[in-house]
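# Examination of the molecular architecture
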Protein chains: 2
Amino acid sequence: MERTLTSNNAGDTGIQPIRWADGVLCLLDQRLLPAQVRWLRLETAGDTADAIRDLVVRGAPAIGLTAAYGAVLAAREAWRARGSEWQSMYSEQISLLAQARPTAVNLRWALTRMNALAATLAGDPEAALLAEAQTMQAEDLAVNRRMGRLGAELIGTDAAVMTHCNAGALATAGYGTALGVIRTAWTDGRIRRVYAGETRPWLQGSRLTAWELSQDGIPVTLLADSAAAQLFRREPPDWVIVGADRIAANGDVANKIGTYSLAVAARFHGVRFMVVAPTSTVDLAAESGLDIPIEERGPDEIWSVASAGEVPEGVTVANPVFDITPAHLIDAIVTENGVASPPDAESVARIAAPRP
Amino acid sequence: MERTLTSNNAGDTGIQPIRWADGVLCLLDQRLLPAQVRWLRLETAGDTADAIRDLVVRGAPAIGLTAAYGAVLAAREAWRARGSEWQSMYSEQISLLAQARPTAVNLRWALTRMNALAATLAGDPEAALLAEAQTMQAEDLAVNRRMGRLGAELIGTDAAVMTHCNAGALATAGYGTALGVIRTAWTDGRIRRVYAGETRPWLQGSRLTAWELSQDGIPVTLLADSAAAQLFRREPPDWVIVGADRIAANGDVANKIGTYSLAVAARFHGVRFMVVAPTSTVDLAAESGLDIPIEERGPDEIWSVASAGEVPEGVTVANPVFDITPAHLIDAIVTENGVASPPDAESVARIAAPRP
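In this text, all values refer to a predicted model and were calculated from it rather than measured experimentally. (Residues numbered from 1 in each chain as written. Chains lettered and ligands numbered in written order. Predicted model: local features only at pLDDT ≥ 70, side-chain atom pairs only at ≥ 80, totals over all residues. Heavy atoms only, no water.)

### As for the interface of chain B and chain A
Think of interface size as the accessible area that goes away when the parts come together; that is how it is often given. Counting residues at the interface gives 49 residues for chain B and 49 residues for chain A. Buried surface at the junction of chain B and chain A, both sides included, amounts to about 4,200 Å², of which 64% is carbon and sulfur. Run the count over chain B and chain A and you get two salt bridges. Linking B:Arg200 and A:Glu198 is a salt bridge whose minimum nitrogen-to-oxygen distance equals 2.7 Å. Summed over the shared surface of chain B and chain A, the number is 20 residue pairs in polar contact (both at pLDDT 80 or more). Among the secondary structure elements, those contributing two or more residues to the side of chain B that touches chain A are α7 (204-215), β6 (220-223), α8 (228-234), α9 (259-269), α10 (300-303), β12 (315-318) and β13 (322-325) of chain B. A total of six residues in the side of chain B that touches chain A trace back to one element, the largest contributor, which is α9(B). The residue inventory of the side of chain B that touches chain A, partitioned by class, reads 30 nonpolar, 11 polar and eight charged. (Contact = heavy atoms within 4.5 Å. Buried area = accessible area lost by both parts, 1.4 Å probe. Salt bridge = Lys/Arg side-chain N within 4 Å of Asp/Glu carboxyl O. Polar contact = N/O pair within 3.5 Å; in protein donor to acceptor, adjacent residues only side chain to side chain. Helix = DSSP H or I, 4+ residues; strand = E, 2+ residues; numbered from the N terminus. Nonpolar A, V, L, I, M, F, W, Y, C, P; charged D, E, K, R; others polar.)

### Describing the pairing of β12(B)
Residue alternation in β12(B) divides its side chains into a buried set, B:Val315 and B:Val317, and an unburied set, B:Thr316 and B:Ala318. Bridge count for strand β6 (residues 220-223) of chain A against β12(B) is four bridges, and the pairing is parallel. Among the inter-strand pairings, A:Leu222 is bridged to a residue of β12(B), identified as B:Val317. (Buried < 20%, exposed > 50% of the residue type's maximum accessible area, 1.4 Å probe, protein only. Pairing = 2+ DSSP bridges.)

### Digging into the side chain of B:Asn144
Inspection of the secondary structure assignment puts B:Asn144 in helix α5 (residues 126-152). Filtering out sequence-adjacent residues up to four positions away, B:Asn144 remains in contact with B:Thr172, B:Ala173, B:Gly174, B:Tyr175, B:Gly176 and B:Thr177.

### Regarding the packing of aromatic side chains
All names here are of chain A. Summed over all chains, the structure comprises four aromatic pairs over all chains. Taking the centre distance of 5.4 Å and the plane angle of 70 degrees together, the rings of Trp86 and Tyr90 count as edge-to-face. Here the residue Trp86 and the residue Tyr90 both occupy positions in helix α3 (residues 86-98), the gap between them amounting to four residues, near one helical turn. Taking relative accessible area as the criterion, Trp86 reaches 2% and is therefore assigned buried. (Phe/Tyr/Trp six-rings, centres within 6.5 Å; stacked < 30°, edge-to-face > 60°.)

### Digging into the relation of the copies chain B and chain A
One chain copy maps onto the other through a rotation about an axis and a shift parallel to that axis. After a rotation of 180 degrees and a shift along the axis of 0.0 Å, chain B superposes on chain A with an RMSD of 0.0 Å. What the superposition gives is, in effect, a two-fold axis relating one chain to the other. Here 100% of the interface residues in chain B have copies in chain A that are interface residues too; the copies meet face to matching face. (Least-squares fit on C-alpha atoms with pLDDT ≥ 70 in both.)

### Examining the confidence of the model for chain A
Residue and element names in this part refer to chain A. Across chain A, pLDDT averages 95, with 96% of residues at or above 70. Segment residues 1-11 is flagged for pLDDT under 50; beyond a separation of four residues in sequence, or across chains, it makes 26 contacts in the model. Confidence metrics for the complex model read pTM 0.95 and ipTM 0.94. (pLDDT = per-residue confidence, 0-100.)

### Structural notes on the sheet that holds strand β7 (residues 239-242) of chain B
Strands pair in a sheet through their backbones, by hydrogen bonds, and they do so in one of two ways: parallel or antiparallel. Taken in spatial order, the eight strands line up as β12(A)-β6(B)-β5(B)-β4(B)-β7(B)-β10(B)-β14(B)-β15(B) in an open sheet, and their pairing is mixed. For this open sheet the edge positions go to β12 (315-318) of chain A together with β15 (338-340) of chain B, each flanked by a neighbour on one side alone. Direction aside, neighbouring strands of the sheet carry axes that sit 25 degrees apart on average. Running at roughly 175 degrees to β6(B), α7(B) makes contact with β12 of chain A together with β4 (159-163), β5 (191-197) and β6 of chain B of the sheet. (Axes fitted to C-alpha atoms, helices over the stretch in contact; angles between N-to-C directions.)

### Thoughts on the nonpolar core
Among the nonpolar cores identified, the biggest contains 64 residues, and A:Phe232 and B:Phe232 are the most heavily contacted of them. If sequence neighbours within four positions are ignored, B:Phe232 has contacts with B:Met162, B:Pro237, B:Val240, B:Leu262, B:Ala265, B:Ala266, B:His269 and B:Val271. (Core = buried A, V, L, I, M, F, W, Y, C linked by side-chain atoms within 4.5 Å.)

### Considering the environment of B:Gly289
Residues and elements named next belong to chain B. Here Gly289 is to be found in the loop between β11 (282-283) and α10. Judged by relative accessible area, Gly289 falls into the buried class, the value being 2%. In this structure, the C-alpha to C-alpha distance between Gly289 and Leu96, residues 193 residues apart in sequence, is 25 Å. If we skip the residues at most four places from it in the chain, Gly289 touches Ala248, Asn250, Asp252 and Ile324.

### Thoughts on the side chain of B:Arg76
Position of B:Arg76 among the secondary structure elements: in helix α2 (residues 60-82). Setting aside chain neighbours within four positions, we find B:Arg76 in contact with B:Trp20, B:Gly23 and B:Glu126.

Printed below as a string of structure tokens:
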């Protein structure tokens with residue numbers, strides 16, 4: 001299944017990485033971008049869990065939505081195999097999905113929501129669960145647009161901004177969190193320049209963010225992650241704007257490795273720091289960043305670009321793919337429920353509370 | 001010309017990247033490491049300038065020594081072509097060498113020293129210039145051993161240290177500057193752990209430093225450059241130890257891109273910061289880092305790992321390969337003439353002065 005990206009309705013951008021079509025889950029294979037635009041068709045929850053683990057899809061909200069569709073596939077398989085006794089087989093598949101990646105809490109959030117509905121269903125569960133997943137996807141897009149507006153209002157005029165990783169349409173249902181703010185602010189005419197770190201080791205910045213922004217005609221300057229501090233010293237941007245994989249109750253933020261390094265450099269140079277994430281990313285059960293598990297991935301993501309050979313004896317590779325930025329280094333957390341600024345237990349509790 | 005690396009006399013390590021053999025300059029091709037150990041034979045100054053520009057050899061002291069041997073080749077060519085009128089042709093070749101790379105002042109320092117001798121020579125200049133280049137190479141090795149001792153004395157016991165780029169045997173005549181300190185301190189039993197950033201974009205950390213330390217049996221943990229700040233927060237090392245490409249009169253240091261980012265994170269977390277470089281790296285004509293030219297290289301070094309394709313329209317790539325760390329973020333500059341701590345105009349002038 002190959003298609004161009006300009007014909008859907010994701011908003012300003014044509015990019016929408018998760019689609020349900022012909023009764024199967026279609027994921028834009030983000031491992032191949034920007035060289036190839038190719039879609040994978042998934043028909044089982046197990047394949048969906050594998051796709052999440054293997055980074056076919058990444059980005060906390062997109063992982064959550066993918067898992068929601070994975071739950072639809074799990075229910076279908078279980079119903080076909082067991083009929084009215086489908087629930088226990090469904091639960092086993094859900095466990096697989098839940099364990100696919102550890103850091104993004106949206107995965108658990110999405111499955112909890114699907115399970116709450118599943119528990120109420122009699123008869124074939126597929127249609128009701130599919131409707132729920134599609135609702136969540138539509139909500140995510142709406143939430144991104146609302147956050148885009150709230151975040152853009154924080155940006156002055158003639159601003160330079162820097163982002164990290166990809167918190168864009170590719171990381172969500174469409175439009176994006178951090179890139180949603182940048183899209184809105186760009187459309188407003190508030191932004192004169194966007195910088196993006198290449199985001200080692202997986203290069204989400206150069207592979208995904210650069211490609212995504214170029215699709216929308218938003219110019220971007222890529223740089224090595226380690227070059228950001230020198231940029232901040234010489235030509236400081238007005239804001240660093242990033243997404244989040246999990247936000248603790250005290251406002252600590254887990255996000256892509258390198259986020260904390262940027263936050264330290266930003267504070268050192270007086271650059272403001274904005275985190276943009278839906279409330280599904282807030283985990284009130286995590287008191288602080290210490291309670292958030294940090295995924296460690298294999299050495300190949302670091303080593304493979306250095307050599308085609310084996311890692312030499314005596315050399316070990318550390319590859320934590322997320323880090324924790326403490327709340328005190330963050331100026332604003334933007335959610336669809338409002339802005340926590342400064343982020344702390346009180347302001348996070350306020351935005352995390354369900355809307356009246 | 002291929003050879004094993006264990007048969008020469010560089011000291012603890014067998015690695016010596018620059019050799020004069022059979023009347024030609026042999027350079028260990030650092031573009032191919034660690035996958036291949038291959039030597040290039042250079043017979044002209046022009047080829048030597050190309051090799052410097054193309055990163056066959058890199059590291060400020062090694063660039064200087066390579067240029068010194070390039071001057072020998074320039075003199076030989078000029079003598080063969082012009083006889084006793086060799087000086088003007090020699091000078092043209094020296095200009096080529098001097099322009100090969102802009103940031104490391106050792107290149108200029110080495111050529112100035114060779115030119116001073118060349119100006120005094122009558123008859124075939126090759127033997128005298130070769131002897132001078134070989135003296136410089138031997139001096140560099142001795143200087144590295146002395147700096148290794150001075151730097152190691154600053155390190156306590158049971159220390160963890162982090163380095164960046166490659167300031168090792170591969171960047172010098174042998175033994176290394178920052179890695180010379182680490183080698184000495186490791187031999188002393190002062191060090192329990194070495195961390196190295198992979199050093200995007202050229203990956204000197206993973207390709208060269210990891211390989212070099214593994215050759216010596218010193219274990220090292222590689223990490224993405226952007227992961228250092230999180231490491232400093234969770235398990236702060238005792239020291240960051242790096243080399244330098246140029247040191248200004250006020251103690252500002254030009255070094256591989258990412259050095260400044262590490263210095264900011266080190267200061268933020270109370271990690272001490274050491275720069276190790278011979279006095280040939282000090283440029284008293286540069287008042288501060290503002291006077292040091294920063295080389296900007298092409299986009300491919302960033303882009304090629306992200307995609308085999310073209311950089312998308314609207315995407316630009318910034319690739320400054322050095323940055324400036326201001327003196328106030330550096331705890332000690334170690335040279336063969338002593339330690340400037342804290343580095344400032346007075347302490348730098350003291351160590352830069354010629355020995356009595």
